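# An overview of the molecular structure
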Amino acid sequence: MTEGQLKGQGSLAANAAGEGLWQTCVEQLAQELPEQQFNTWIKPLVAKVSEDFSCVTLFVVNRFKLDWIRAQYSAKITALLEKIYGQAIKLELALTPRESMDRPRVDRSSANSFTAEEATDLSPERVSEGAKNRINTALTFDNLVEGSANRMARAAAVHVASSPGVLYNPLFIYGGVGLGKTHLMHAVGNKLLSDRPKAKVLYIHAEQFVSDVVKAYQRKTFDEFKDRYHSLDLLLIDDVQFFANKDRTQEEFFNAFEALLAKKSHIVMTSDTYPKGLPDIHERLVSRFDSGLTVAIEPPELEMRVAILINKALAEGSVMPEEVAFFVAKNVRSNVRELEGALRKILAYSRFNLKDISIQLARDALRDLLSIQNRQISVENIQKTVADYYKIKVADMYSKKRPASIARPRQIAMYLAKELTQKSLPEIGELFGGRDHTTVLHAVRKISAERQQLTELNQQLHVLEQTLKG
Ligand code: ADP
Ligand code: MG
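In this report, the structure presented in the accompanying data block is examined. (Residues numbered from 1 in each chain as written. Chains lettered and ligands numbered in written order. Predicted model: local features only at pLDDT ≥ 70, side-chain atom pairs only at ≥ 80, totals over all residues. Heavy atoms only, no water.)

Enumeration according to the criterion identifies 15 aromatic pairs in this entry. Where Phe222 meets Phe225, the ring centres are 5.8 Å apart and the plane angle is 80°; that geometry is what we call edge-to-face. Of this pair, Phe222 and Phe225 both sit in helix H12 (residues 222-230), 3 residues apart, which is roughly one turn of the helix. Grouping aromatic residues by their ring pairs yields a cluster made of Phe172, Phe209, Tyr217, Phe222, Phe225, Tyr229, Phe243, Phe253, Phe257 and Phe289. In this structure, Arg248 packs its charged tip against the face of Tyr217, placed 4.5 Å from the ring centre. Seen from the ring of Tyr274, Lys393 lies directly overhead, with NZ or CZ sitting 4.2 Å from the centre. (Phe/Tyr/Trp six-rings, centres within 6.5 Å; stacked < 30°, edge-to-face > 60°. Helix = DSSP H or I, 4+ residues; strand = E, 2+ residues; numbered from the N terminus. Lys NZ or Arg CZ within 6 Å of the ring centre and 35° of its normal.)

What follows concerns a nonpolar patch on the surface. Residues Val166, Leu167 and Tyr168 make up a contiguous nonpolar surface patch of roughly 270 Å² in combined accessible area. Among the secondary structure elements, Leu167 is positioned in the loop between helix H9 (151-162) and strand S4 (171-174). Leu167 sits in the partly exposed class, given a relative accessible area of 42%. (Patch = residues over 30% accessible without salt bridge, like charges linked within 9 Å, V, L, I, M, F, W, Y side chains within 5 Å. Areas by Shrake-Rupley, 256 points an atom, 1.4 Å probe, with all protein chains shown as cover. Salt bridge = Lys/Arg side-chain N within 4 Å of Asp/Glu carboxyl O. Buried < 20%, exposed > 50% of the residue type's maximum accessible area, 1.4 Å probe, protein only.)

With that settled, the discussion passes to the site of ligand 1. In the neighbourhood of ligand 1, 20 residues make up the surrounding shell, with Val145, Gly178, Thr182, His183 and Glu340 lying closest. Here Val145 contributes a backbone N or O atom positioned 2.8 Å from a nitrogen atom of ligand 1. Relative to its free-state accessible area of 560 Å², ligand 1 is covered by the protein chains to the extent of 98%. Within the residue set of the shell around ligand 1, elements represented by two or more residues are helix H10 (181-195), helix H15 (302-315) and helix H17 (336-353). Taken together, the residues of the shell around ligand 1 sort by class into 9 nonpolar, 7 polar and 4 charged. (Near = heavy atom within 4 Å. Polar contact = N/O pair within 3.5 Å; in protein donor to acceptor, adjacent residues only side chain to side chain. Nonpolar A, V, L, I, M, F, W, Y, C, P; charged D, E, K, R; others polar.)

Counting buried positions over the 6 residues of strand S7 (residues 266-271) gives 6, a clear majority of the element. Two strands pair when backbone bridges link them, and S4 and S7 are joined in this way by 4 bridges, in the parallel orientation. When the sheet's bridge partners are listed, Phe172 is paired in S7 with Met269. Pairing of strand S6 (residues 234-238) with S7 involves 4 bridges; the strand directions are parallel. Residue pairing across strands places Ile237 opposite Met269, the latter belonging to S7. Of the crossover connections in this fold, the one passing from S6 over helix H13 (residues 247-262) to the parallel S7 is right-handed. (Pairing = 2+ DSSP bridges. Right-handed = clockwise from strand over helix to strand, strands pointing away.)

With that settled, the discussion passes to the pattern of salt bridges. Scanning the entire structure with this criterion turns up 16 salt bridges. In this structure, the salt-bridge partner of Asp212 is Arg228, at a minimum N-O distance of 3.1 Å. Highlighted residues: Asp212 in helix H11 (residues 206-219) and Arg228 in helix H12, separated in sequence by 16 residues. On the basis of relative accessibility, which here comes to 8%, the residue Asp212 falls in the buried class. For Arg228, a relative accessible area of 36% translates into the label partly exposed.

Pasting the structure below:
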């Protein structure tokens, strides 16, 4: 495609429909490819659709990615585009023009196509200058919707951002996937940097920290490593459950931790479970994690999900009527990331078909998702329902703790997961904190045998089954 053609993309309608075509294709790929592959290769692509829809150009950030996409995905993408559009389409791959890479990514907040985590994963050329702190400027307190599910965590984070090093140090935030932990961390970083632009802030995912330690080890650059970490004013370290079994990393982190606290620098951590529920992390580190403030983020309740949908639609330049937001929020319950996925589908569907957002449109756009949900109950939902019922923490469903008061509800949840979902034993084990399938099998057998004997248990299971089946 020539420049002229690119510029010649005249009418708004053609643009919107072109975008819709690509979005629809992306949605399909998201369904078909493993998440990791999708996030790495497909999601970062930027597409231009020619006015007559005969040609789609995909812009890729570097040569390596371009070759890989050509080899692995171009045939599939072409076939999909043709299927969606119903006519032959030519696919071209091109490198992202230099000047548009150098510009800060204006579309970050509006297109919102990067999750908090991936944003940190962008190759260096896509991160704007000076962003060595790895803070994603698109994730702020302003666009983090508040609700009872995250109120405590949010309030603590705001406090830390306003007066770091004073109270709640370290701040330990835990909760399930897609609930906004990473977003909250970046928000802390952004707020501190806007108050004190010179502050030394670093956001880092625990896995990246592990690889930094390994590199320092191999290159014998521990002094630089220490200089870098120990001089920070604010360290935001995400998903510390990844430190499990990494002894050397834990030791280095312990050192950094002590050094930072001693100079009243602030540390914010996240994890999928609370400190004492973290398996394979040294006791001395666990007790440090718990020595400031530990707060949970829960899955958002209905009204909060509605607010998130309406806000995110607005950020994308669309208006989602309240009744539609309620309809979607009632049907997409597990986490915010899924809510965003549903919203993306609806917006794409509306753009591609040039139709306003209505309940019917949402129903059509989410057809696949809704039919799956109607048939299936999710394991996450089972874990939450059972945890609520037995008054334990959802995090205990994946923790390695064994007291009977926790182990038994966990076995009950495993049993229900086997009974009410299509998941295999290994899949269930995976969703319960990476347990072996034999553990799940044992739980299933045990609970079903006991169910025959114990009236009380049988009754409880009935209540749970009814609740889950809605
Ligand atoms: P986690 O780190 O807990 O897995 P993320 O922080 O990556 O979750 O959040 C997943 C997505 O949901 C992100 O795009 C984030 O911006 C969004 N999100 C989560 N919670 C909220 C919220 N309360 N308001 C607005 N967006 C949210
Ligand atoms: Mg995260």
